[in-house]
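Understanding the architecture of this molecule
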Amino acid sequence: LDPSPSSARGSVLAARNKRCAAMEALRAAMGGGSGGGGSLPSGALVTRLHNKFCKFQVQAKRIQDRVEATQMPVDSGLAEDVLQHYSCGVAEALRMARDELRKGKWDIDSSIRAEHDTLCVCLALWELVHELAVSSAPSAARLVHWYNRHYLEEEIAEWWQTASHLAEGRDALEPDSGLWEPLVRLALADCHSEVLTLLRRASASGFAGNSQVTRVCEFLRKIRSLLQMEQAHTSKVDFHRDVAEVQSMAKRILADSPAEHPTRQLLEVYAGCPQRAFEANEDIAAKLGRTWVEDVAYAHAWVFPELRKTELGDLLRAVAQRRTSETIDDLDRVLFAVFTLDIPSLLRLLDSMPDRFPPFFVTHLVDVLYFAGRVPLVVESQGKALVPPRDWHLMEYAKELGVGSRAHKRLAIDYLRSGGCDEVAKQLEEAADEYCITAASEAEMDEAVALLVDLELAADLGPKQCRRRASALRASGDLPGCLRWACQAEQYSLPARGYHVSEMLDSIAESVQELDDLLSVLTPHSLDEPLTRYPPESLVALLSPSGALPVLVPSGRLYFFVQYARCRALKLEGRPASEWAPCLVGLLTSGSAGPAALARRVVEDELLPVLAEEPPALSTEDALLLMRYVQGLQSDPFARVRLTVPPEKLHQAMGLCLSRSILRKPMAADPAARGAGLPSWAGLAPMTGLMA
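This structure is a prediction, so every number in the text was calculated from the model and none was measured. (Residues numbered from 1 in each chain as written. Predicted model: local features only at pLDDT ≥ 70, side-chain atom pairs only at ≥ 80, totals over all residues. Heavy atoms only, no water.)

The next subject is the confidence of the model for the chain. Predicted coordinates in areas of low pLDDT are best not read in detail. Taken residue by residue, the chain gives an average pLDDT of 86. The fraction at 70 or more is 88%. A low-confidence stretch, residues 669–692 stays under pLDDT 50, and its non-local contacts, those more than four residues away or across chains, total 44 contacts. (pLDDT = per-residue confidence, 0-100. Contact = heavy atoms within 4.5 Å.)

Moving on: the pattern of salt bridges. Side chains carrying opposite charge are able to pair once their charged atoms draw close together. For the structure shown, the criterion picks out 46 salt bridges. With a shortest N-O distance of 3.1 Å, R323 and D295 are connected by a salt bridge. Here R323, found in the loop between helix 17 (312–321) and helix 18 (330–339), pairs with D295, found in helix 16 (residues 292–303); they are 28 residues apart in sequence, far enough to count as distant. Comparing R323 with D295 shows no difference in burial state: the two are buried. Between K464 and D433 there is a salt bridge whose closest N-O contact spans 3.2 Å. With K464 in helix 25 (residues 458–475) and D433 in helix 23 (residues 422–437), this pair connects stretches of sequence that are 31 residues apart. For K464, a relative accessible area of 45% translates into the label partly exposed. The network of salt bridges with shared partners includes D283, D295, R322, R323 and E326. (Salt bridge = Lys/Arg side-chain N within 4 Å of Asp/Glu carboxyl O. Helix = DSSP H or I, 4+ residues; strand = E, 2+ residues; numbered from the N terminus. Buried < 20%, exposed > 50% of the residue type's maximum accessible area, 1.4 Å probe, protein only.)

With that settled, consider the environment of A250. Structurally, A250 is set in helix 12 (residues 236–255). Judged by its relative accessible area of 0%, A250 falls in the buried class. Along the backbone, A250 and Y270 are 20 residues apart, and their C-alpha atoms lie at a distance of 6.0 Å. Not counting chain neighbours up to four residues away, the residues in contact with A250 comprise F219, L267, Y270 and A271.

Next up on the list: the packing of aromatic side chains. Throughout the structure, instances matching the rule amount to 17 aromatic pairs. Centroid distance Y147 to Y151: 4.6 Å. Interplanar angle 20°. Geometry classified as stacked. In this pair, Y147 and Y151 both sit in helix 6 (residues 139–151), 4 residues apart, roughly one turn of the helix. In this structure Y151 comes out as buried when scored by relative accessible area, which is 6%. A centroid spacing of 5.7 Å and a plane angle of 80° characterise the contact between F219 and Y270, whose relative ring orientation is edge-to-face. Note that F219 is positioned in helix 10 (residues 211–222) and Y270 in helix 13 (residues 263–271), a separation of 51 residues in sequence. Since its relative accessible area comes to 5%, Y270 is described here as buried. Aromatic rings pair up to connect F56, Y86, Y370 and F371 into one cluster. (Phe/Tyr/Trp six-rings, centres within 6.5 Å; stacked < 30°, edge-to-face > 60°.)

This part takes up unusual backbone geometry. A cis amide bond, omega 5°, links Y534 with the succeeding residue P535. Looking at where P535 falls in the secondary structure, it is placed in the loop between helix 28 (512–522) and helix 29 (537–543). Cis rather than trans, the peptide bond between E614 and P615 has omega equal to 0°. Positive phi is not limited to glycine here, since E456 has a value of about 60°. Mapped onto the elements, E456 comes out in the loop between helix 24 (442–454) and helix 25.

For the rest of this paragraph, the subject is the nonpolar core. Counting residues in each nonpolar core, the largest one holds 141 residues, and the members touching the most others are L199, Y270, F357 and F361. If you tally residues by element for this core, the top one is helix 5 (residues 110–134), at 12 residues. Sequence-distant contacts of L199, that is, excluding residues within four places in its chain, are made with L173, W180, L183, V213, V216, C217, L220 and L266. With 69 residues, the next largest nonpolar core counts M504, A577, L598 and L608 among its residues. (Core = buried A, V, L, I, M, F, W, Y, C linked by side-chain atoms within 4.5 Å.)

Take a look at the structure:
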């Protein structure tokens, strides 16, 4: 495969129209043109490949689950169909991307041209691997038509045009006519219907009575092309039987043909030849094959159509022995590896040429080969397990996607989650962590956290990412969002604890402005909901905008702030102190501790002004609880709550409230009866015992 302009394929490289073959584009790229680079292809191709990949992984998982559930072996036919559909889908995605580039400025823009060339090469290699390593169909006809698509696209059109023009002449069937050469070339390319059409046209235009041409036309009418025979049968045996019948018919006509008749070479295409003729280089492929690829394709199709795919390596070596003058390059070595099914060598060659075979292509190719049983599950070296080839390529492609947009980062996660080794799991966790960090909106963060749950990484990454989000929202002044994500973080902690939320609320309470903003956020829109109901509807709506019931965070601080905000709202609304003051006393005395500064504010700013009101704001029991609480503050050795009001003034106000409440309703003598008359918020709160 000499890349010089004097070679057969080098001359074809001069063509620059939109019907250029894929291998021509490869020659332009391999011949020193601008490389395609290792960058990602167009976004549409990345998305299409991802969709094909994910759909197949889901189907493969379903098959695996069915096998495990039924304890029955996998249906080989079903598995093969699913894999071939996946492989064909990837090829179609590559073809669509190539064709889309041809509609634009691919022929004048060097960067687009380079991407086009890369896609052409990748598509050609993918289809060859599919035919030889994935598909179970006979390869003789498919190999010829693969060669037609990627090597002879232009030449077949030129042969047809030339032969069509010559077939109109009266001397078209003469031995020295130029019709016969393109006619034989079309026959070698398995263009059966075209050959028959041209012969009939030439017979109609020339002199009548040419019985040999008539016999050949009748022969062509009775047979079908190799591809038609392959598609008409479900077994290789039927295909080989039909090919043998065609060869037998052609040999009989050839035996009766005049020695110098121009149809003989055409019949030699269909008649095949024995092994000794091939070894003597007397077969039609040796006579008319211009390159080693053409020689292999034609020899397999017309000389040895019964060869198994595992025997194509022997055919390739036989062809190489008679084409010693040809030079080869890295592309040829890639094709050699495919023909010989030497997958390790193929992968090494592909990895050595990332500009020509980018990671997006190699990753999907390895994935198909893995499920086709061509890539090992486990790789060891000197007793140590190495990263398997499939997992390694998944990781490499994920790294390339990870440096792109957020959408590409999301695709990288899907590729990594299909891997199986520990290294893939570690990179998956890192990719999921990075994906959460890039979330800019609430919707994106919700989707990212849901993804963590789906990946079973919520326990490891959920709390950290939710708290990071909460800190970012607090810094931007979004306290509702901050509180929501701080609480959501605790849903993924095992076991769930509320101390992070409590610490955050304490930090907010240290700032007067933030505290006022927090109380405003926690203030309900409706004051009709009783204080004994917790959590209130306003808190549920705040923590779960979707309306789903959130998991209540076990935070005494949160309970304190919510109830205080509700009591404060009742006070500002002008409601009687007897509706909300007892609840404040319950907050101070029932174990749901609040920050020291806020506890002082409740005592001095909220309760003290209403202790002297008539009727009394507190019952006898509540007044005694408040007096006990204040006495405990004064005897606290840590002095955690420092009251600024003189103790005498505070005790006088509490004593006055107690006296009035006793005169109004004496305290019950029986402790059980006393407890039966207390409102629920005067007893233990829902957060009793949570000193956080």
